[in-house]
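Here's the letter readout for the chains.
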Amino acid sequence: MKLLTFGNALRALVWAGVTVCVLGVIGLIASIVYVVRVTEDLPDYAQLAEYEPAIMSRVHAGDGLLIAEYAREHRVFVPIENIPPDVISAFLSAEDRNFYQHGGLDFAGILRAAIANIGNYLGGRRLEGASTITQQVAKNFLLSSEQALDRKVREMVLARRMERAFTKDQILELYLNEIYLGNRAYGVAAAALNYFNRSLDELELHEIAYLAALPKGPNNYHPEQRTEEAVGRRNWVLSRMAANGYITREAADAAARMPLEATTRLAGETYLAAEYFVEQVRREVFNRYGDEQIYEGGLSIRTTLDTSMQLAARRALRDGLEAYDRRHGFRGPLTRFEAFDDWPARLGAVRPPADIDEGWAVALVLEVNDREAQIGFADRTRGRIPLYALSWARAPSRDPETGMPRLGPAIARADAALNLGDVVLVERLTAQDAPGETVAEDHYGLRQIPEVNGGIVAMDPFTGRVLAMVGGYSFAQSQFNRAVQARRQPGSAFKPFVYAAALENGYTPVSIILDAPFVASGDAEMRFYRPTNYSNVFYGPSTLRRGLELSRNVMTVRLAQDMGMGPVTDLARRFGIYDDLQPTLAMSLGAGETTLMDMVGAYGALVNGGRLVEPSIIDRVQDRTGRTIWVADERECPGCQADEWSAAMGEPDLAPLGEEAADPVTAYQIVSMLEGAVERGTGTALRALGRPLAGKTGTTNEFRDAWFVGFSPDLIVGVYVGFDTPMPLGQGEAGGVLAAPIARDFLRPALQGYAVSNFRLPDGVSLAPVNRETGEPSALGRPGAILEAFRPGTEPQRGASAVDETLSFGVGALGGPAGDRRRSDDEDDDEEALGGLY
């Protein structure tokens, strides 16, 4: 009986074994069939050998500072040999400590994850993987991220195949440059920059460990929003590095005590100042190379920007616009609170206008009386706005007929400007803000964002390199670039080119033009065209120099009428101001529309001796390999290629940039006359800088646009101010009042790096002493005597008056027929002349 029972048990055991074997074989066959089926269309992993990741394009200023990045995926590709060992060991410790030992799959890790996932599944938690770095590369590059068995099997097969095709270092290089680490960063190099604003070789150990903590889930370890979890995961990485022998326990403990402090990249005043500039760079590169190259091609773009000048330009423009705005009254609060319950929290929820000045803050008027307004801030601190700081806050309006700005009654009481519950912008006052007043520590001034706008451009006149460009008060508030996109009438800023045309056609700086009433026949819209001077006074016979220095309207129109508009339109085209200027007399007063950048380029041609050099904002562009694919200066220089250089060889010859727009003598004569405009005419705002400078103001009809272009021998700056929807700026808000001070405030710091020097005197200029007002021959040392620039042989002769000299050239400069009689939209000038249509 016992034998029978044993035999039955044995047979059952045999059958069970056979069954297991059969089922095992069937399972194996099924597994093989399954694996073959899900892997029959695997992607070609060989493509990784030619992998070129999408790399962000980077923009550098002329002084080397990184100022912008253009990218869909922020990535900087770093070869494996250039990645610091600590970075490699940190990621291996956190992600795959056996990376250099396994063949693509870590079977011990798989078993460990399988056991853990039993509990995860029963507890409804997310299943954990045991993916090696090789598997992650396969998934990130070739597969999707779906949580499915099919994808996992494909990933494992690909990992095995990749291990046979690539070296470990190649796989690790792909991983460290591709993995997403949050904060818009793909790869370790971009993460080092985005989190800590450092290159990989500048990272400290605790920062390296934090980056290695991120692959498991960047959002779970955000340095500011989830600091505790981030520090915990970082310290775990440090402990694993110590356990694996990469660092000592002491080093790990020291790094674990370090605070986690992430930084914000490409932020701060320097980058805010450059926003208009870098957006214009982006437009130009996009137009040249297209979408894919700029956002994925890894271009290196070296620009012309001087960051210190850009800061000065932005500060000068904003200060000038704010000063104008305060001259024209307070438009009212940001909002108003009707009740004061929980006011600090409600005030903290008020979003201030974008990009307000540093030091400005949002405040709530809590009490107001005749002497001051009591204000509170979101942090519950208090302050006061005294009456003396409210004197500018008069109620603004506009004349319904002329559109000219008007101001309400003077502010005699604080409660006449502010009301209880007003939410306003304020800035802490200093003694410099309120000279003559006793400024207390808790005194604040009322502030507001200007409605007026403008632009400023600074350029090297010899190379055309744009050193600074600001296209408006705030890029965050308006991306419209008024330096390059706004087409406005330059007004009298165009006059130097009318006078240059005259000098090319037989006139001299002392030629006499009659400043007297001028009337020309009109058209169907008006009966007569009659420009006048700003003062409504006519000054009789005056020299060309005097007319340009004081910006006389009538003289300019009479000059254009006498020589004809043909030379003016031709010269305007040569100087790049207009492509096709209408040959009407009004155009001689700047009635045609142009851009600030074009005007600065044209003035640059006067300063450099008559050569039009196209303004440029990019020096060169290189591709991802470092090969130069575009350069602004394409001149050939054979002598520059010598292996060695000695003084005996001399400097290599280099052709001048640009094309000749005027001969050097004409250009210098205009520069000399514009130097007089700063010394004695409409550009006197620059005299405070105490060095040789020249420039010209411009103001259009009804004070709608204010211009100034000023320059030293080596730097030129142009400023434009006006409303985006043209409307009068206000009576007296002319180029010399509004735009010239902005240029002055920019040039004061910008010129500190330039030696004080006179304007360069070209060959072919004859200097002769004349009386600066009459143009008659004089002698140096006599009252009113200056050295005037002439072409040889055209100097006035002693004993002959300037009028005689003018007539001896056969030029009918004292008058003539009305000539072109078309209407102008712009007849006025700046400080000295305002035109009128009657």
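## Details of the overall build of the protein chain
Piece 1. When its secondary structure is counted, the protein chain shows 24 helices and 26 strands.
Piece 2. Expressed as a percentage of its 838 residues, the buried residues of the protein chain come to 50%.
Piece 3. Taking the intrachain contacts of the protein chain between residues at least 6 apart in sequence as the baseline, contacts between residues at least 24 apart amount to 71%.
Piece 4. Carbon and sulfur atoms make up 51% of the accessible area of the protein chain, which amounts to about 37900 Å² in all.

## Here's the deal with the environment of E702
Piece 1. Of note, E702 is situated in the loop between β22 (694-699) and β23 (705-711).
Piece 2. Considered as a pair, E702 and G732 are 30 residues apart in the sequence and their alpha carbons are 9.5 Å apart.
Piece 3. Among the polar contacts listed, one links the side chain of E702 to the side chain of R704, at a separation of 2.8 Å.

## Re the packing of aromatic side chains
Piece 1. Enumeration according to the criterion identifies 17 aromatic pairs in this entry.
Piece 2. Seen in terms of ring centroids, F377 and Y444 are 5.1 Å apart; in terms of plane orientation they differ by 50°. Their pairing is tilted. Taken together, the positions of F377 in the loop between β6 (372-376) and β7 (382-386) and Y444 in strand β11 (residues 444-447) put the pair 67 residues apart, joining distant regions of the chain.
Piece 3. We classify F377 as buried; its relative accessible area is 8%.
Piece 4. For the ring pair F497 and Y603, a centre distance of 5.4 Å and an interplane angle of 90° mean the geometry is edge-to-face. Of this pair, F497 sits in helix α16 (residues 495-504) while Y603 sits in helix α20 (residues 596-607), placing them 106 residues apart in sequence. Residues F497 and Y603 agree in their burial class; the two are buried.
Piece 5. Above the face of the F337 ring, R346 is positioned so that its terminal group lies 4.2 Å from the ring centre.

## A closer look at unusual backbone geometry
Piece 1. The backbone of N197 sits at a positive phi, close to 55°, despite the residue not being glycine.
Piece 2. Here N197 is to be found in the loop between α7 (188-196) and α8 (205-213).
Piece 3. Given the relative accessible area of 44%, N197 is considered partly exposed.
Piece 4. You will see that R380, though not glycine, has its phi angle at about 75°, which is positive.
Piece 5. Tracing the sequence through the fold places R380 in the loop between β6 and β7.
Piece 6. Residue class for R380 comes out exposed when judged on its relative accessible area of 57%.

## Comments concerning the sheet that holds strand β19 (residues 618-622)
Piece 1. One open sheet holds the five strands; their spatial order is β2-β1-β3-β19-β20, and the pairing between them is mixed. Where the open sheet ends on each side, the last strands, each with one partner, are β2 (66-70) and β20 (628-631). Here the average twist between neighbouring strands, direction ignored, is 15°.
Piece 2. Alignment of strand β3 (residues 300-303) against β19, held across four bridges, turns out to be antiparallel. When the sheet's bridge partners are listed, I301 is paired in β19 with V621.

## Notes on the nonpolar core
Piece 1. Counting 84 residues, the largest nonpolar core has F497, F575 and Y603 as its most contacted members.
Piece 2. With nine residues, α20 is the single largest residue contributor to this core.
Piece 3. Apart from the residues within four sequence positions on either side, F575 is in contact with F497, A602, A605, L606, L612, A661 and A662.

## Focus: the confidence of the model for the protein chain
Piece 1. Across the protein chain, the average pLDDT comes to 86, with 84% of residues at 70 or higher.
Piece 2. Confidence drops under a pLDDT of 50 for residues 33-43, and excluding neighbours within four residues, the segment shows 20 contacts in the predicted structure.
Piece 3. Long-range and interchain partners of residues 807-838, a stretch whose pLDDT sits below 50, account for 136 contacts in this model, where long-range means more than four residues apart.

## Observations regarding a nonpolar patch on the surface
Piece 1. Taken together, the side chains of L761, L767, L780 and L787 make up a nonpolar region of the molecular surface, amounting to roughly 350 Å² of accessible area.
Piece 2. With respect to the helices and strands, the residue L767 is situated in strand β25 (residues 766-771).
Piece 3. The class for L767 is partly exposed, based on a relative accessible area of 35%.

## Notes on the packing of helix α2 (residues 85-95) against helix α6 (residues 168-178)
Piece 1. One way to put it is that α2 packs onto α6 with a least axis distance of 12 Å and a crossing angle of 90°. Taken together, the axes of α2 and α6 lie roughly perpendicular to each other. Of α6, the residues touching α2 (which contributes I88, F91, L92 and E95) are L172, Y175 and L176.

## Quick word on the environment of D415
Piece 1. Relative to the assigned elements, D415 resides in the loop between β9 (405-407) and β10 (422-428).
Piece 2. Separated by 46 residues in the primary sequence, D415 and N369 place their C-alpha atoms 5.5 Å from one another.
Piece 3. In this structure the side chain of D415 is engaged in a polar contact, spanning 2.8 Å, whose partner is the side chain of R413.

## Here we look at the side chain of H206
Piece 1. With respect to the helices and strands, the residue H206 is situated in helix α8.
Piece 2. A distance of 3.2 Å separates the side chain of H206 from the side chain of E204, its partner in a polar contact.

## A closer look at the pairing of strand β12 (residues 453-459)
The two faces of the sheet receive side chains in turn, since in a regular strand these alternate between them.
Piece 1. Most of β12 is tucked away: seven of the seven residues are buried.
Piece 2. Here β12 shows no split at all, with N453, G455, V457 and M459 on one side and G454, I456 and A458 on the other all buried.
Piece 3. Where β12 and strand β24 (residues 716-722) come together, seven bridges link them in antiparallel fashion. Considered in β24, the bridge of V457 is made with G718.

## Structural notes on the sheet that holds β23
Piece 1. With antiparallel pairing, the five strands of this open sheet are ordered in space as β13-β12-β24-β23-β22. Each edge of the open sheet is held by one strand with a lone partner, namely β13 (466-470) and β22. Along the sheet, successive strands turn relative to each other by an average axial angle of 5°, direction set aside.
Piece 2. Inspection of the sheet shows β23 paired to β24 by seven bridges, in the antiparallel sense. Its bridge partner lying in β24, V709 is registered against G718.

## Focus: the pattern of salt bridges
Piece 1. For the structure on display, the rule yields 45 salt bridges.
Piece 2. The partner of R545 in a salt bridge is E788, with the nearest N and O atoms 2.5 Å apart. Of the two residues, R545 sits in helix α17 (residues 544-549) while E788 sits in strand β26 (residues 785-790), which places them 243 residues apart along the sequence. In terms of burial, R545 and E788 fall into one category: buried.
Piece 3. Taken together, the shared-partner salt bridges in this structure form one network comprising R314, R315, R318, D319, D355 and D357.

## Side note on the pairing of β6
Piece 1. Among the five residues that make up β6, four are buried, leaving the element largely enclosed by the rest of the structure.
Piece 2. Pairing of strand β5 (residues 360-368) with β6 involves four bridges; the strand directions are antiparallel. Counterpart to E367 in the pairing with β6 is Q374.
Piece 3. Counting the residues that bridge the hairpin from β5 to β6 gives three residues.
Piece 4. Where β6 and β7 come together, five bridges link them in antiparallel fashion. When the bridges of β7 are listed, E372 appears paired with P386.
Piece 5. Counted along the chain from β6 to the antiparallel partner β7, the turn is five residues long, and its residue R380 has a positive phi close to 75°.

Criteria and thresholds
- Residues numbered from 1 in each chain as written.
- Predicted model: local features only at pLDDT ≥ 70, side-chain atom pairs only at ≥ 80, totals over all residues.
- Heavy atoms only, no water.
- Helix = DSSP H or I, 4+ residues; strand = E, 2+ residues; numbered from the N terminus.
- Buried < 20%, exposed > 50% of the residue type's maximum accessible area, 1.4 Å probe, protein only.
- Contact = heavy atoms within 4.5 Å.
- Areas by Shrake-Rupley, 256 points an atom, 1.4 Å probe, with all protein chains shown as cover.
- Polar contact = N/O pair within 3.5 Å; in protein donor to acceptor, adjacent residues only side chain to side chain.
- Phe/Tyr/Trp six-rings, centres within 6.5 Å; stacked < 30°, edge-to-face > 60°.
- Lys NZ or Arg CZ within 6 Å of the ring centre and 35° of its normal.
- Pairing = 2+ DSSP bridges.
- Axes fitted to C-alpha atoms, helices over the stretch in contact; angles between N-to-C directions.
- Core = buried A, V, L, I, M, F, W, Y, C linked by side-chain atoms within 4.5 Å.
- pLDDT = per-residue confidence, 0-100.
- Patch = residues over 30% accessible without salt bridge, like charges linked within 9 Å, V, L, I, M, F, W, Y side chains within 5 Å.
- Salt bridge = Lys/Arg side-chain N within 4 Å of Asp/Glu carboxyl O.
- Parallel < 35°, antiparallel > 145°, perpendicular 65-115°, else oblique.

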